[in-house]
Structures are given as structure tokens and as C-alpha cells.
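Coordinate analysis (summary)
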Amino acid sequence: MNDHALNLLDFPRIRDSVAEYALSPEGAASIQAALPLTDTDAVAELKARAESVRYLFREGKGVPACSYAPIEDSVRVIAKEGTCLAIEELWALGMWADAYEAERRWLGQARHPALASELSACPDLGAVSQAVFRIVGRDCVIRDLPELREISSRIQRINADIQKTTAAYFQDESLRAALQSDVPTQRDGRTVLAVRSGSKTKVKGIVHEVSSTGQTVFIEPELLVQKNNELVEEEARYQRELARILRDATAALHVHHDAVLAARAACASFDALYARARYSHMNDGTFAEPRAAGMELIRARHPVLGSKAVPIDLRLPEDARVLIITGPNTGGKTVSLKTAGLFALMNQFGLAVPAALGTAMQVFDGVWADIGDEQSMDQSLSTFSGHMRTIADIVSGAGPSSLVLLDELGSGTDPEEGCAIAMALLDHFIAAGALTLVTTHHGILKNYGYTKEAVLNASVDFDKTTLSPTYRILMGVPGESRALEIAGRNGLPDTLVEGARAYLKDERTDISAMIRGLSAKHRELEQMKDEERRRLRDAMEEQRKADLKELKLRQKETELRAQGVAELKNLLAESRKTLENLVRAVREGELTREKTQEVKDFLADLDVKVADADRQLRADERKLKTGARPPEEIKAGTSVLVLPARRRGRVLRAAKKGSWVVETDALRLTVDEADLEVTQDLAMRAPSISVEAASSRSNRAVIELDVRGFRLGEAIQALERQLDAAVLEGLHGFSVIHGTGEGVLQQGVRETLSRYPGVADFHYARPEEGGHGKTVVSLG
């Protein structure tokens, strides 16, 4: 890729934004060093992976609960035998291993077989994490190790004795006036007393220091000398034992050095993928569809402009190689050019672009651009010379699969010669097969767009009422520069504008009228096309719904038939057994009244069962025809339709079992319930209105909540809102910046976190990330 074009199109800014979403330093560095790919298959695979990871955010999987620490120093130490990690280096290595495993497990949920296979093949750093956190906690504090427990207890006892001894000095009434402070202090790791210089003889001991003013003498009392000596010896013993433990741990981690290196390389790759997916999700982008040639941008918004960007549509069919965009200044020609170029780079970087579904792009082997003023006083280049030097590089480098963007082609010199150079360049790029987008004000190039094959005209729309651009692109129609209108709108006196118009009137009236007529016809045609597309979408949607309903009806009909056959078989089998028993009883004995009544009862019961089965079958058929709506209760006064004629009536009362008396017009009928369908009264019903509350974007959870400068009540309210939002959005953790100050905010934050039911753990951040001024929160 051409570095000059990357900078002109603001690609480094997009890349920096993507890198900010990386969770690890390795992932961020991988993003910063990466360039857009040029291989079609590689681009498709990268986008497929990014899309599978982005789908995890849409499923509400939250974000990985991990916090990477920089481990460059740690890796250098464990690379050599006989070295010893510092506590901070050991802790950083454990935190990194934990974060690596957490992100690897999270990404393993993505539905992409190749990615899942690669993640499972990554080194397992569980042993590294276990070795580290046996010695140090996740708050970077040494654990209560058996090897250090006896020494720590000894140190605590000595400190208690020292505190008891110093307390005796402060409680001695005869010494209170001699002491400068009522608390002991430390000098070179030994406990001393601050004594007024005039009373130093009252405290016997060793003088360690005198204040700069000479008013205070720091004395180690004789009673403390032995205890301080014992404390120094025990602390030295503690440090020796701790150093031994750290050396053993470093030796144990040395065997994992190669695994850590491989894990860092793997982390750089999959964390860069995570950053791409997160950026695409947070910017609500669409992954462009592949295309063999050309491009189609639908409601494309330049990502750098943010909410100020106006969506544009730009379509280049596969048989078009040049698009000439004309129109007024400040109309959006250059922005359209930059949007197309930046989208090509983002697409080949594995990112979703801020556009609507249906956006499609080919993969380019190079993107070349000449945009803006290339004037350079240092190199003695005029505007035209600067443009020509850049275009010369493009001519030598652009090929059949290149994208070329040329802004204000042919400007900066004599219009006639500039147009000749512009047309010669376009001839060259057409012959080379490069996809070329050009902006210009030259009228001759508009005619070139009509007379050359594979060349299209387009223009940026202009509102004649407000004399301002609409930033819409009209494909197929050249545009006017509208220089006179824009000059008048920006303060040029009307007399000068009218004078300029008089000079142009004779030469350009016919051309301007033709362009205005073409523009009007184009707008009318676009409206007709939009309406046709809308009707086609509606018709296709209705057809889809009808096909789906028909499929469901057929499935239900098949189920009902199977069910009816099965029930009929069961009824026949049971009836046959009963009838056979009755016949056998009649043949074996004489015919009595009881036996005759039993046969009659059997036949009557069979008649009832057949009627019930028939009624149920008709009810199922009616339910099938009405779209499987839930049954509605029938009672006196219910409005119904009498099937199969669908005659409207009203239920008067219940008749025999399963039947109702219904009044239809002037007739009263007794109708089986299976032949009734509940309907609505003819009277108009009042419309119902439902209101749904939309969640405010201001209540969204953030990764880092800053409450510095807040009052305590405001800070607690902000923290509670953050906790509620984090739980709702599935966030696994975040951090709170409260500063140190007097400790009011710090204490309030920790008290709020301790009583919130969803908080699993919280602790201060590591020193380089804020220490006691920042609290890291983990949610359960």
C-alpha cells in the first residue's frame, strides 16, 4: 500500500482507534504494525473471523474479564538461568497469564472452526499462573507463606515491643515538654524520637540526625537500640528468605519461557482480531460483501466525521472503470472521494464499514490518491507541479486491480491544457484497468464522461432554494459548479455577481439548461426507482410470509391427518373388541333385556364418540384455516360467523352439549360449536397506544468511571448507576478513578462496592495504573 495515500485518507487515525480496543499491549502493537491486506482470500478469512467474534457481542457475551500487565522485563529475566524476578515482575507475569487464558476462553465461543482450532492449539499458561499466585496475591501483596510465617511473627512481636517502649516515653510527664512530636519517626529503618534540641540531654541514646533548623534532634533511645537491632536482623532474614523463594520461582518459570513467547505471539494475533471485532461492533458497521470489480456504497458515512457525516450512495457497476464527480464547491466531492478510499482500506483491514447492508467492494492491490494541495515551498514545487509529481508516481504504480482517487484533476494550470492532461490520464487508467474516481470543475470532462465507454458521470446535489449543497450524490448526471451562487452567498457584492453572470450568459445558457433538465429528470427517475424498490421489497416480504404460512399449514394438515388416522384406528380397535364381546355373550346365552340394553348403550356411546371426533376434526380444520389463532370463549352475546357460509350472527344461549342457539338475520339456528368462529363486533374500537421506554445512551456502562471532583453523594450515585448498567449489559468488570486526596471518595467507593450484591471482588490498581487512586471492580 502507498504510504502517501494511507495518510491522505486518514487510515492511521482509524488504525489508532482500532488499537485502543485491544486488551493487551501485544494486540495493540500488532494493530499498529498492520497494513490492509491485498489477497482476496486472506481478506475474506479475516472478515469472517472478525464477524464471528462480533456476533459474541450481539449475543450479550459481554467482554473478557482480563487485565494485561506489561511483561517485557519479566520475559527477559526468565530467559536466563540463575536470575531472580522482582515481586512486581512476578505479579505482572501472573496477571498477564491470567488475562491471556481468559481472553482465549472467551474467543473460543466464536462460531468459526478454524479460529477455534487455532485457539485450542495455543500454549496453556495455567502452570505459570499457578506458580506466580502461590507466592503473590492478585493485589501484588506477598501471601502468608509457611517459609515466611515464623519470621513475620517475630517481626510483628519486635514492632509491638518497640511501640510499647515508645509509648512509655510519650506517657512520661517529665519528658513531654522535651519531645517535639507525640509520635515516633523512622531514620534509616530505625525507630527514633524527635527531641527538642534544648532538651536532648533528657533522653539518653544515639543521635541519628539534626533538623535543618537545628531545633529538632532525632535520638534513638538506649532502650530501643537492641530492639531496633533485632528488627533490622529479622527484616534482613525475611528479605533473604524472600529472595530465595523468588529465585526458586524464577527457576521454575524458566522452563516455561518458550511457552510464554509463543503465547505472546498468539495473543498479538487473537487480541488484534478482538480489537477489530470490538471496533466494528461499537461503530455499528457492516462487513462489505465481496465483488469481483467495482463498488457499491449504500448510506456510507465517513468514520472520522462522526455524527456530522452525511450518508452518501455511490455505485460503480463492474463494467465501469472511471467515475467523474462534478458539482459546487463545499458540496462533498472530496469527502465522497475520501470515503470511497477509506472504505476500501478498512474493508481490507478486516473492519466493518459504517454503511448499510448491501455495501459491496472489490479487493484492491493498491490504493493511490492525489487529494488536496501538494504545494511545497521547501522543494520549490507549485500546486500544479506537486500534483504532477504525485500523479506521475500513481501512473507508474497503478495496475488493473488498483483504486485511483484524483481530486480536482486538471486544476492549477491553463484550463485547456489541464483538461487535455486530465483526459490523457483517464485514457491511461482505463487502458490499465484501474478503478478511477475523479472530481473536477472542467466542463470538457463532463462531456468526456458521456462520450467514453466505461466512464460514468455523477454530481453532488445543490438546493436551489437555500443555495446550499445537500451532500447527496446523483449518479449519471453531471453537475454545475454554482460558483456565482456560492460567491454571492459568501458576501461578494450583487453587482459583481450579476456582471459575472452577464459574461457567462451567452456561452453557457444552453448547457446549464440542459444540465438542470437532466438533473430534474434524474431526480424524478430516482424517486420512481425508490418507489419501485420499496414495492418490490414489500411484495417479496408478503410472498415470503405467504410461503411460510402455506408451509406451516401443510405441515399442520399432515399432522392432523396422521393424528386423525391414529385416533380412528384406536376407536375402531376398541369398538371391535367390545362388539365382539357383546356378540359372543348374545350367542352363548339367551337374549335378555339387559343384554339388549347393553348393545344399545354401546351403539349410543359409539355414536357420541364419532360425533366428538368429527367435531374435533372440524375444529382443527377451522383452526388451521384461521392461522392457528388461540381459541376464544363462546358465550351468550358473542358475535360469531356460522361456517361454512361465514354468515354473521350472535349467540343467544347454550343448547345441548357442544351446540349453541345462534340468531342470524331473521333465523334462529342450533349450530355445533365446531362450526362457529368468534368474530369482532362491527362497531369501531378505540385505537390502543403503547409506549415503550428507550434506554438512554447516557446510562450505558463504561470501562473506566472517573468520579474525581464529585461530591461524595454524586460519586456514589454515579457508581450505583454504573453498577446497575454493568450488570444489565453483562460487563464482567470495570475500574473507578477516585484519586487519593483526603480519602473521602476512596472510602465511599469501597463502602458502596462492599454492600452491592453483584460485586465479586475489588482491589486497588497496580502502582503504574493509579495505585490507591484507582479501584478495579470484578462483577460476579
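These numbers were taken from a predicted model, which means no experiment stands behind them.

Helix and strand content of the protein chain: 21 helices and 23 strands. The buried share among the 780 residues of the protein chain stands at 40%. Partitioning the contacts of the protein chain with sequence separation of at least 6, the portion at a separation of at least 24 is 67%. Accessible surface, the protein chain: about 43,600 Å² in total, of which carbon and sulfur atoms supply 52%.

Now for helix α2 (residues 11–19). For α2, every residue scored as buried is listed here: Phe11, Ile14, Arg15, Val18 and Ala19. Considered in projection along α2, the buried side chains sweep an arc of 140° and stay on one side of the axis. The inward-facing, buried residues of α2 contact α1 (3–8), α3 (25–33), α12 (257–282) and α13 (333–348).

On to the sheet that holds strand β17 (residues 659–664). One open sheet accounts for 5 strands, arranged β18-β17-β16-β15-β19; its pairing is antiparallel. At either margin of the open sheet sits one strand with a lone partner, and together these are β18 (667–672) and β19 (676–678). The mean angle between the axes of side-by-side strands here comes to 45°, regardless of whether they run parallel or antiparallel. One ladder, built from 3 bridges, connects strand β15 (residues 639–642) with β19; its direction is antiparallel. Bridged to valine 642 within β19 is leucine 676.

To continue, consider unusual backbone geometry. Glycine aside, residues mostly have negative phi angles, and peptide bonds mostly take the trans form. Although it is not a glycine, aspartate 10 adopts a positive phi angle of roughly 65°. If you trace the backbone, aspartate 10 turns up in the loop between α1 and α2. One non-glycine residue, arginine 299, lies in positive phi territory at about 50°. Structurally, arginine 299 is set in strand β6 (residues 295–300).

In this structure, Val53, Tyr100, Phe270 and Phe734 are the most contacted members of the largest nonpolar core, which totals 78 residues. Considering every element that reaches this core, the biggest residue donor is helix α6 (residues 87–107), with 12 residues. Phenylalanine 270 has contacts with Tyr68, Tyr100, Glu103, Arg104, Leu107, Leu119 and Cys122, leaving out every residue within four places of it along the chain.

What follows is about the packing of α2 against α12. It is at 8 Å that the axes of α2 and α12 come closest, and there the two elements cross at 105°. Looking at the two axes, α2 sits roughly perpendicular to α12. On α12, the residues that touch Ile14, Ser17 and Val18 of α2 are Ala275, Arg276 and Tyr279.

For alanine 44, the location among the structural elements is in helix α4 (residues 40–58). What makes alanine 44 partly exposed here is its relative accessible area of 46%. The sequence separation of alanine 44 and proline 290 amounts to 246 residues, and the corresponding C-alpha distance is 7.9 Å.

As for its position among the elements, threonine 775 is in strand β23 (residues 774–779). Of note is the side chain of threonine 775, whose polar atom sits 2.8 Å from the side chain of histidine 738. Here threonine 775 is in contact with Phe734, Ser735, Val736, His738, Arg750, Leu753, Phe762, His763 and Tyr764, once residues within four sequence places are set aside.

Here the focus is the pattern of salt bridges. By the definition in use, this model includes 26 salt bridges. A salt bridge links glutamate 118 to arginine 49; the shortest N-O distance between them is 2.7 Å. Here glutamate 118 is found in helix α7 (residues 113–121), whereas its partner arginine 49 is found in helix α4, with 69 residues between them in sequence. As a salt-bridge pair, lysine 452 and aspartate 427 come within 3.5 Å of each other at their nearest N and O atoms. Pair noted here: lysine 452 is in the loop between α16 (443–451) and β13 (455–463) and aspartate 427 is in helix α15 (residues 415–432), with a separation of 25 residues, a long-range link. Overall, aspartate 427 belongs to the partly exposed group, its relative accessible area being 33%.

All right, on to the side chain of histidine 738 then. With respect to the helices and strands, the residue histidine 738 is situated in the loop between β21 (733–737) and α21 (744–755). Residue histidine 738 is classed as buried on the basis of its relative accessible area of 4%. When near neighbours in sequence (up to four residues on either side) are disregarded, histidine 738 contacts Val707, Arg708, Leu745, Gln746, Val749, Tyr764, His772, Gly773, Lys774 and Thr775.

Of note, glutamate 150 is situated in helix α9 (residues 146–171). Residue classification places glutamate 150 among the partly exposed residues on the basis of a relative accessible area of 43%. Expressed as a C-alpha distance, the spacing of glutamate 150 and tyrosine 238, which sit 88 residues apart in the sequence, is 9.6 Å. One polar contact links glutamate 150 to arginine 237, side chain to side chain, over a distance of 2.8 Å.

This next bit is on the confidence of the model for the protein chain. Across the protein chain, the average pLDDT comes to 82, with 82% of residues at 70 or higher. Note on residues 375–381: pLDDT under 50 across the span, and 7 contacts to partners over four residues away in sequence or across chains.

This part covers the sheet that holds strand β9 (residues 360–361). Here we have 4 strands laid out as an open sheet, ordered β5-β9-β6-β7, and mixed in their pairing. The open sheet is flanked by β5 (289–290) and β7 (312–316), the only strands paired with a single partner. Pairing analysis gives 2 bridges linking β5 to β9, with the strands arranged parallel. When the sheet's bridge partners are listed, glutamate 289 is paired in β9 with alanine 360. Strands in contact with α13 are β6, β7 and β9; relative to β6, the strand with the most contacts, it is inclined by about 110°.

Counted at 1.5 Å a residue, the expected span for α9 with its 26 residues is 38 Å, and the 38 Å between its end C-alpha atoms agrees. Those residues of α9 that fall on the buried side of the exposure criterion are Leu148, Ile151, Ile155, Ile158, Ile162, Thr165, Thr166, Tyr169 and Phe170. Against α10 (173–176), β2 (190–196), β4 (216–221) and α11 (222–254) lie the buried residues of α9.

Our next topic: the packing of aromatic side chains. With the rule as written, the count across this model stands at 8 aromatic pairs. Judged by centre distance (5.5 Å) and plane angle (10°), the ring pair of tryptophan 96 and tyrosine 100 falls under stacked. With tryptophan 96 and tyrosine 100 both in helix α6 and 4 residues apart, this pair spans about one turn of that helix. Accessibility assignment for this pair places tryptophan 96 and tyrosine 100 in one class, buried. Among the aromatic side chains, those forming a connected cluster through ring pairs are Tyr68, Trp96, Tyr100 and Phe270. Note that arginine 138 overlies the ring of phenylalanine 133, its terminal NZ or CZ placed 4.0 Å from the centroid. Sitting above the plane of the phenylalanine 349 ring, arginine 276 keeps its charged end 4.4 Å from the centroid.

Analysis parameters
- Residues numbered from 1 in each chain as written.
- Predicted model: local features only at pLDDT ≥ 70, side-chain atom pairs only at ≥ 80, totals over all residues.
- Heavy atoms only, no water.
- Helix = DSSP H or I, 4+ residues; strand = E, 2+ residues; numbered from the N terminus.
- Buried < 20%, exposed > 50% of the residue type's maximum accessible area, 1.4 Å probe, protein only.
- Contact = heavy atoms within 4.5 Å.
- Areas by Shrake-Rupley, 256 points an atom, 1.4 Å probe, with all protein chains shown as cover.
- Arc of directions from axis to C-beta.
- Pairing = 2+ DSSP bridges.
- Axes fitted to C-alpha atoms, helices over the stretch in contact; angles between N-to-C directions.
- Core = buried A, V, L, I, M, F, W, Y, C linked by side-chain atoms within 4.5 Å.
- Parallel < 35°, antiparallel > 145°, perpendicular 65-115°, else oblique.
- Polar contact = N/O pair within 3.5 Å; in protein donor to acceptor, adjacent residues only side chain to side chain.
- Salt bridge = Lys/Arg side-chain N within 4 Å of Asp/Glu carboxyl O.
- pLDDT = per-residue confidence, 0-100.
- Expected span 1.5 Å × (residues − 1).
- Phe/Tyr/Trp six-rings, centres within 6.5 Å; stacked < 30°, edge-to-face > 60°.
- Lys NZ or Arg CZ within 6 Å of the ring centre and 35° of its normal.

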